[in-house]
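Residue-level listing of the chains:
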Amino acid sequence: MASTTKISLADLDLFEHGDPWAAFDELRATDPVHWDDEEAPNHGFWSLTRYHDIVGVLRDTETFSSERGAVNLEELDEEQLEARKSMLETDGMRHRALRKLMQGEFTPRAVAGYETFLRGLTAKTLDAAFEKQEFDFVKEVAADFPIRVLARMLDVPEQDIDQLIEWGNRMIGNTDPEHADVLIDSEESEQYRLLPFRSPAALEVFEYGNELARQRRGKDGTDLVSRLVNQVPEDGVPLSQRDFNSYFLLLVVAGNETTRHAITHSMRYLIDNPDQMHLLQERPELIPWGVEEFLRMASPVYHFRRTATRDTEIGGKQIKEGDKVVTWFAAGNRDPEVFPDPYRMDVTRTPNEHMAFGRGGPHMCLGNALARLEIRVMYETLLPRVKRVEALGPVDHLRSNFVNGVKRFPVRVELA
Ligand code: HEM
């Protein structure tokens, strides 16, 4: 299949050192349904960069399935699909049943129950960071905040938190030599091909989750693990060992890295847009709207993907059964047809129907209310305490085209 532009969104250099936003803009303007060739054994993929094309694919689950892999570009054989399948890679009734197991724990009302805890945690985190004045915002503020909340929901001890963070880093960072113990495209990763992210860290996560399950099975705990092991999905099919492992791993990973990066990018955009920062400081009642703009601009997850179940067409391009179709949420979030002047940060932007959590389909982020609450509480606590925040260096990007990650962000804070 001929491509009309030379941009490759499989090129990790673009995401680590280059300007993926310029690449998204060029594709959206010149080749919005773009074919990228890939080296064997992969077969290439379609990249969607227009908001409405992406929503169309996410909604049409009959034509665009998650069952052949959703998490990245890696093509999985039957054995891998079977071994690694999680809710993310499940369609239809079974997906609904799996999702429903945890849905009640993540509604806006349910997560509001954590607000007081979150306020205390945020204040403590900021006290410690602000004492230093100059510090790495990722390490001191953003990194362990989301996982501490999850640790509480999972009811695991404080001393395990560093370990949970490290597992997340190793799995999500599986394309970054600084984080991965086994890089996804290395020969060594072959022996881990049946594990999520091809990461040996997954084995440690499974072992940890299984020990918690053993302790909590048959008891009446209300934490997430107790709910997982003591409930049968509404389709009547109990969780298999694989289902439990992948569900537990998803809970540990999904809410950790993503929210961390959302918090860091938000700080960065506020530093770059002091007028917006002042506006939120003067009118804190706007912060919930600000959070939506933070999420749009941050786009912590660059993409997920689907696979075509039949021959079809998008924007005049012929998609063949079996083709991978990649939905670049980050590109949709800068589509000028939907977001006028998309690079301008406007914390009062309305409407702001961004797709940072996906949009319109059944897989839309389960943890979105929790993530929104965490970001809101962070900035409601941080903004009144600072007079000025200055970047002491650029953000250091994760080598990944899946998660828009920041490894380090040095800042100096002048307190109010
Ligand atoms: C800013 C933070 C977050 C972002 C940007 C984000 C992004 C996303 C996206 C884009 C999806 C859709 C996947 C698809 O379409 O295939 C998703 C799914 C999911 N997210 Fe999040 N997420 C965030 C925070 C969280 C949190 C805090 C949790 C909870 C612990 C969480 C748990 C999940 C789960 C379980 C799914 C799978 C849902 C399903 O397949 O039905 N996420 N997330």
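Conventions used here
Residues numbered from 1 in each chain as written. Predicted model: local features only at pLDDT ≥ 70, side-chain atom pairs only at ≥ 80, totals over all residues. Heavy atoms only, no water. Near = heavy atom within 4 Å. Polar contact = N/O pair within 3.5 Å; in protein donor to acceptor, adjacent residues only side chain to side chain. Helix = DSSP H or I, 4+ residues; strand = E, 2+ residues; numbered from the N terminus. Nonpolar A, V, L, I, M, F, W, Y, C, P; charged D, E, K, R; others polar. Pairing = 2+ DSSP bridges. Contact = heavy atoms within 4.5 Å. Axes fitted to C-alpha atoms, helices over the stretch in contact; angles between N-to-C directions. Donors = N, O, S within 2.8 Å, 3.2 Å for Na, K, Ca; no water. Salt bridge = Lys/Arg side-chain N within 4 Å of Asp/Glu carboxyl O. Buried < 20%, exposed > 50% of the residue type's maximum accessible area, 1.4 Å probe, protein only. Expected span 1.5 Å × (residues − 1).

A.B. asks: Where do I start with the site of the ligand in this structure?
C.D. replies: Residues in close proximity to the ligand total 28 residues, the closest being His95, Arg99, Arg306, His363 and Cys365. One nitrogen or oxygen atom from the side chain of Arg99 is found 2.8 Å from an oxygen atom belonging to the ligand. Contact distances for the ligand include 2.8 Å between an oxygen atom and a side-chain N or O atom of Arg306. Looking at the shell around the ligand, the elements that each hand over two or more residues are helix H5 (92–103), helix H13 (241–254), helix H14 (257–272) and strand S5 (303–308). For the shell around the ligand, a count of residues per class yields 19 nonpolar, seven polar and two charged.

A.B. asks: Even after reading the chapter, I still don't get the sheet that holds strand S3 (residues 64–65), so can you show me in this structure?
C.D. replies: Spatial ordering of the open sheet is given by S1-S2-S8-S5-S3, a layout of five strands whose pairing is mixed. One side of each edge strand has no neighbouring strand; the edge strands of this open sheet are strand S1 (33–36) and S3. Bridge count for S5 against strand S8 (residues 324–328) is five bridges, and the pairing is antiparallel. Bridge pairing links Arg305 to Val326 in S8. With respect to the sheet, helix H3 (residues 51–59) is in contact with S1, strand S2 (45–48), S3, S5 and S8, its orientation differing from that of S8 by roughly 125 degrees.

A.B. asks: So what exactly am I meant to see when it comes to the coordination of the iron atom of the ligand here?
C.D. replies: Coordination angles at a metal have ideal targets, namely 109.5 degrees for four tetrahedral donors and 90 or 180 degrees for six octahedral donors. For the iron atom of the ligand, the protein supplies a single donor, Cys365 (SG), at a distance of 2.3 Å. Within the secondary structure, Cys365 sits in the loop between helix H17 (329–332) and helix H18 (368–382).

A.B. asks: Before we go on, may I ask you to explain the pattern of salt bridges in this structure?
C.D. replies: When the charged atoms of two side chains with opposite charge come close together, those side chains can pair. Counted by the stated rule, this structure contains 48 salt bridges. With its nearest N and O atoms 3.2 Å apart, the salt bridge here joins Glu158 to Arg148. Residue Glu158 is found in the loop between helix H9 (145–154) and helix H10 (161–172), and its partner Arg148 is found in helix H9; the two are separated by ten residues along the sequence. Ionic pairing is found between Glu190 and Arg193, a salt bridge with its closest N-O pair at 3.6 Å. In this structure Glu190 comes out as partly exposed when scored by relative accessible area, which is 43%.

A.B. asks: How should the sheet that holds strand S9 (residues 386–391) be read in this particular structure?
C.D. replies: Within a sheet, each strand pairs with its neighbour through backbone hydrogen bonds, oriented either parallel or antiparallel. Strands sit in the order S4-S12-S9 across an open sheet of three strands; the sheet is antiparallel. Edge positions in the open sheet fall to strand S4 (134–136) and S9, since each of these has one partner strand only. Neighbour to neighbour, the strand axes of the sheet diverge by 30 degrees on average, direction disregarded. Where S4 and strand S12 (residues 410–415) come together, three bridges link them in antiparallel fashion. If you follow Asp136 over to S12, its bridge partner there is Pro410.

A.B. asks: Help me out: how do you make sense of H10 in this one?
C.D. replies: Residues separated by three or four positions in an α-helix point in the same direction, a consequence of the helix having 3.6 residues per turn. Relative to the 16 Å expected for twelve residues at 1.5 Å per residue, H10 spans 17 Å between its end C-alpha atoms, a close match to the ideal helical length. Of all twelve residues in H10, nine are buried; the element is thus mostly enclosed. Listed as buried for H10 are Ile161, Leu164, Ile165, Trp167, Gly168, Asn169, Arg170, Met171 and Ile172.

A.B. asks: Explanation requested: the pairing of S1 in the structure shown.
C.D. replies: Residues in a regular strand project their side chains so that they alternate between the two faces of the sheet. A two-sided burial pattern is seen for S1, the buried positions comprising Val33 and Trp35 on one face and His34 and Asp36 on the other. Here S1 pairs with S2 via four bridges, running antiparallel. Its bridge partner being in S2, Val33 is matched across the sheet by Leu48.

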